Amino acid sequence: MLASALATLALAAGLAPAWAGDDFLALVRKAGSRQEPEERVEYFARAIAAWTPSHGPGLLAACYFGRGEARYDAGDFARALPDLAQALEGDLNNARALFLRGRILLHQTLMAEEPSTRRAADAARALEEYAALRPEDAEGLLALGRAQILAGRAAEARASFERARRLEPSDPRPELGLGRAWLAERSLSRARESLDAAEALARGRDADVLTERARCRLAHGDELGARADYDRALPRHEELLQDLARGRARPVDIDERQAEAGRAYYGRGRLREARGEAAGARADYEAGCRHGEPRCCRRVQSLSAPPPPEPRPAPAKPPKKPRRRALPSPSSDPGDRIYGS
């Protein structure tokens with residue numbers, strides 16, 4: 001249904017004279033011709049309002065999908081989800097709607113300070129349905145594997161990453177995903193093997209590979225190796241953020257890159273703090289806080305707080321003066337004792 005609906009939308013985006021008086025189709029044409037997400041949202045919303053049953057439910061579902069996709073591109077995830085749900089009600093086989101729904105739920109899980117396993121499971125469910133419709137898309141499998149890890153299903157995640165590796169053997173991200181899955185299961189030796197394989201493919205270009213390997217090395221007790229990987233990863237994180245900003249990337253990509261950079265700064269900051277490098281640790285926490293990492297912000301506040309005053313010793317009490325013993329009162333007047341007879 002969606003394919004025919006999108007074909008009709010594409011036809012409507014042309015200049016068909018017979019449809020010149022149809023407000024709905026005119027608005028669809030305008031939505032299809034706009035590049036900015038906000039403008040596409042506006043015209044799809046107006047098209048939805050102008051839709052009539054004579055246009056058919058397929059076109060309405062396609063308009064909801066178009067608006068949901070535009071809202072995803074704009075970073076308006078809370079309002080994109082209902083639109084994508086409406087699109088899926090009109091066509092359960094809308095693979096792109098399933099992918100975007102799963103991707104939004106995964107994004108919300110990744111950005112949360114305390115990830116929700118329930119939301120991760122919802123993301124995995126949508127991405128599983130997408131992978132069933134598009135089994136040759138490695139991007140869907142990579143997103144699915146990440147969601148499965150967060151949902152506590154590391155073994156299933158490894159299967160997803162292995163499928164992605166077969167599709168893209170030169171891409172370091174499947175090996176990175178396998179390393180993350182092994183780390184989630186505390187299988188450090190296997191995690192290190194996968195992350196070393198990912199780094200061999202990435203050749204220092206993938207900041208996430210270096211960050212995850214630093215975590216793995218630190219878990220092994222290799223502080224020097226972890227520090228070396230963090231030192232290489234952080235400049236690469238910053239370069240990638242600059243590239244995304246210059247390329248006007250989607251907010252979802254920028255937000256997740258900032259989150260990964262913030263976590264890396266927190267990791268190196270903790271390592272520096274443990275080694276007594278107070279100034280370096282503070283600089284890392286400040287950088288991580290600028291990228292939105294809440295743990296870094298808390299450490300900055302903690303390090304900025306003045307130390308509590310040392311308790312003052314209680315003043316010494318002056319020595320007690322010895323009490324003078326009171327003389328006993330005589331039992332009779334002395335004169336009576338001397339002169340009385």
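Residues numbered from 1 in each chain as written. Predicted model: local features only at pLDDT ≥ 70, side-chain atom pairs only at ≥ 80, totals over all residues. Heavy atoms only, no water.

J.: Explain helix α9 (residues 154-167) to me, please; I cannot follow it from the model alone.
T.: Quick reminder: α-helices carry 3.6 residues per turn. Residues three or four places apart thus point the same way. With 14 residues, α9 ought to run about 20 Å at 1.5 Å a step, and its terminal C-alpha atoms sit 20 Å apart, in line with that. Among all positions of α9, only A154, A157, R158, S160, F161 and A164 are buried. Taken around the axis of α9, the buried residues stretch over an arc of 165°, which confines them to a single face. (Helix = DSSP H or I, 4+ residues; strand = E, 2+ residues; numbered from the N terminus. Expected span 1.5 Å × (residues − 1). Buried < 20%, exposed > 50% of the residue type's maximum accessible area, 1.4 Å probe, protein only. Arc of directions from axis to C-beta.)

J.: Just to check I follow, could you spell out the state of the cysteines for this structure?
T.: If you walk through the whole model with that rule in mind, you get one disulfide. Of all cysteine sulfurs, the one in C297 lies closest to C296, which takes part in no disulfide; the gap is 6.9 Å. (Disulfide = S-S within 2.5 Å.)

J.: Just to check I follow, could you spell out the nonpolar core for this structure?
T.: What tends to happen in soluble globular proteins is that the nonpolar side chains get buried as a cluster. In this structure, F24, C63 and I104 are the most contacted members of the largest nonpolar core, which totals 48 residues. When residues of this core are assigned to their parent elements, the largest contribution, nine residues, is made by helix α6 (residues 95-111). Those residues in contact with F24, other than ones at most four positions away along the chain, are A47, A50, W51, H55, L59 and C63. Counting residues in hydrophobic clusters, the runner-up holds nine residues, among them L176, L183, A198 and V209. (Core = buried A, V, L, I, M, F, W, Y, C linked by side-chain atoms within 4.5 Å. Contact = heavy atoms within 4.5 Å.)

J.: Sorry, what's going on with the packing of helix α3 (residues 37-50) against helix α4 (residues 57-74) here?
T.: Helices that pack against each other are described as a pair by the angle of their axes relative to one another and the distance between those axes. Running from amino to carboxyl end, α3 crosses α4 at an angle of 155°, the nearest separation of the two axes being 8 Å. Taken together, the axes of α3 and α4 lie roughly antiparallel to each other. α3 and α4 meet at a crossing whose hand is left-handed. Where α3 abuts α4, its residues P37, E38, R40, V41, F44, A45, A47 and I48 lie against L60, C63, Y64, G66, R67, E69, A70, R71, D73 and A74. (Axes fitted to C-alpha atoms, helices over the stretch in contact; angles between N-to-C directions. Parallel < 35°, antiparallel > 145°, perpendicular 65-115°, else oblique. Left-handed = near helix turned anticlockwise from the far one by under 90°.)

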